[in-house]
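Listed below, chain by chain, are the residues.
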Amino acid sequence: MSELIRQILKTNENFVKQSLSQGGFDDVSKYPRRHLAVLTCMDTRLLNFLEPAMGLVRGDAKIIKVAGNTAFEDFDSVIGSLMVAVYELHVHEIIVMGHDDCGMLHTTADSLCRHMVEEGIDEKAIDAIRPKLAQWADPVTDVDTSVCDTVRRLRANPYLPKSLTIYGMVIHPHTGEIRVVDDGEDQK
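Residues numbered from 1 in each chain as written. Predicted model: local features only at pLDDT ≥ 70, side-chain atom pairs only at ≥ 80, totals over all residues. Heavy atoms only, no water.

Description of the packing of aromatic side chains
Counted under the stated rule, the structure contains one aromatic pair. Plain terms: the ring middles of Phe15 and Phe25 are 5.5 Å apart, the flat faces sit at 25° to each other, and that makes the pair stacked. With Phe15 in helix H1 (residues 3–21) and Phe25 in the loop between H1 and strand S1 (36–40), this residue pair connects regions lying 10 residues apart in the sequence. The class of Phe15 is partly exposed, set by a relative accessible area of 46%. Overall, Phe25 belongs to the exposed group, its relative accessible area being 52%. The residue whose ring lies beneath Arg58 is Phe25, and the NZ or CZ to ring-centre distance is 5.5 Å. (Phe/Tyr/Trp six-rings, centres within 6.5 Å; stacked < 30°, edge-to-face > 60°. Helix = DSSP H or I, 4+ residues; strand = E, 2+ residues; numbered from the N terminus. Buried < 20%, exposed > 50% of the residue type's maximum accessible area, 1.4 Å probe, protein only. Lys NZ or Arg CZ within 6 Å of the ring centre and 35° of its normal.)

Dropping the structure here:
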């Protein structure tokens with residue numbers, strides 16, 4: 001077992017003991033109280049930061065994290081997750097939350113493919129995925145534009161209902177300040 005896994009398990013053991021000694025946790029419904037899903041980035045700076053900055057606590061919202069907070073018109077795991085949130089878990093609003101200084105601003109299909117070559121990934125596999133990487137990574141050159149593009153694609157997605165309200169926001173990863181880049185008014 002790796003040292004990382006040992007540390008996680010030790011921390012978890014202490015977490016559970018402390019929780020049980022304090023009476024455990026209250027039951028929280030799988031249905032988000034605020035009927036909200038947040039599509040955000042996987043950036044480490046947002047961990048235990050984004051939710052408090054938004055005033056969200058455990059049980060308030062579904063949080064979906066993916067590099068660059070991107071989603072497309074076609075079906076993928078992000079769209080599937082949003083479909084479950086909407087159709088099974090009563091989500092009525094979605095916030096696409098980008099963040100300043102996103103790593104995706106500096107990530108390209110070429111950079112990913114170069115790193116894949118360096119790690120010994122088969123060139124045929126790289127050639128096969130390069131067009132998808134270019135479609136996904138290369139357009140992310142400005143965080144506000146990227147968030148607005150994701151909002152537009154979600155609104156146009158044939159698998160999501162037109163009754164959803166979808167917003168676009170950007171958070172600063174050091175101050176927590178949030179700015180609205182799409183207030184959803186064009187949907188009404």
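Considering the nonpolar core
The biggest cluster of nonpolar side chains holds 21 residues, and the ones touching the most others in it are Leu39, Leu82, Ile94, Val96, Leu154 and Ile166. Put simply, the parts of the chain that give this core at least two residues each are S1, helix H3 (77–87), strand S3 (93–99), helix H6 (143–156) and strand S4 (165–171). By residue number, the principal contributor to this core is H3, which donates five residues. Grouped together as the second largest cluster of nonpolar side chains are 18 residues, Ala61, Cys102, Ala137 and Ile171 included. (Core = buried A, V, L, I, M, F, W, Y, C linked by side-chain atoms within 4.5 Å.)

Focus on the pairing of S3
With respect to burial, S3 is a largely interior element, six of its seven residues being buried. The pairing of S1 with S3 spans five bridges and is classified as parallel. Bridge assignment links Ala37 to a residue of S3, and that residue is Ile94. Sheet topology note: the S3/S4 ladder contains seven bridges and is parallel. Looking across to S4, one finds that Gly98 is bridged to Val170. (Pairing = 2+ DSSP bridges.)

A look at a nonpolar patch on the surface
A cluster of nonpolar side chains, namely Met1, Leu4, Ile5, Ile8 and Leu9, defines an oily patch on the protein surface of about 510 Å² accessible area. Along the chain, the position of Ile5 falls in helix H1. The partly exposed category is assigned to Ile5, whose relative accessible area is 38%. (Patch = residues over 30% accessible without salt bridge, like charges linked within 9 Å, V, L, I, M, F, W, Y side chains within 5 Å. Areas by Shrake-Rupley, 256 points an atom, 1.4 Å probe, with all protein chains shown as cover. Salt bridge = Lys/Arg side-chain N within 4 Å of Asp/Glu carboxyl O.)

Regarding the pattern of salt bridges
Considering all chains together, one arrives at 10 salt bridges under this definition. One salt bridge connects Arg33 with Asp60, and the closest N-O pair in it is separated by 3.1 Å. Of this pair, Arg33 sits in the loop between H1 and S1 while Asp60 is found in the loop between helix H2 (50–54) and strand S2 (61–65), placing the two residues 27 residues apart along the sequence. Where Arg34 meets Asp60, a salt bridge forms, and the shortest distance between an N and an O atom there is 3.8 Å. Here Asp60 lies in the loop between H2 and S2 and Arg34 lies in the loop between H1 and S1, a separation of 26 residues in the sequence. You can call Arg34 partly exposed: its relative accessible area is 43%.

Some details on H6
The first and last C-alpha atoms of H6 sit 20 Å apart over 14 residues, in line with the 20 Å expected at 1.5 Å per residue. If you check which residues of H6 are buried, you get Val143, Ser146, Val147, Thr150, Val151, Arg153 and Leu154. Down the axis of H6, the buried set is contained in an arc of 165°. They therefore lie on one face. Taken together, the buried residues of H6 touch S1, H3, S3, S4 and strand S5 (178–182). Between the side-chain oxygen of the N-cap and the backbone nitrogen of Asp144 there are 3.3 Å, and the N-cap of H6 in question is Asp142. (Expected span 1.5 Å × (residues − 1). Arc of directions from axis to C-beta. Contact = heavy atoms within 4.5 Å. Polar contact = N/O pair within 3.5 Å; in protein donor to acceptor, adjacent residues only side chain to side chain.)

Let's talk about the sheet that holds S5
Strand order in the open sheet formed by five strands is S2-S1-S3-S4-S5, and the pairing between neighbours is mixed. Either end of the sheet is taken by a strand with one partner, and the two such strands are S2 and S5. Looking at each pair of strands side by side, their axes are set apart by 25° on average, direction ignored. The pairing of S1 with S2 spans five bridges and is classified as parallel. Its bridge partner being in S2, Ala37 is matched across the sheet by Lys62. Against the sheet, H6 touches S1, S3, S4 and S5, its axis set at about 165° to S4. (Axes fitted to C-alpha atoms, helices over the stretch in contact; angles between N-to-C directions.)

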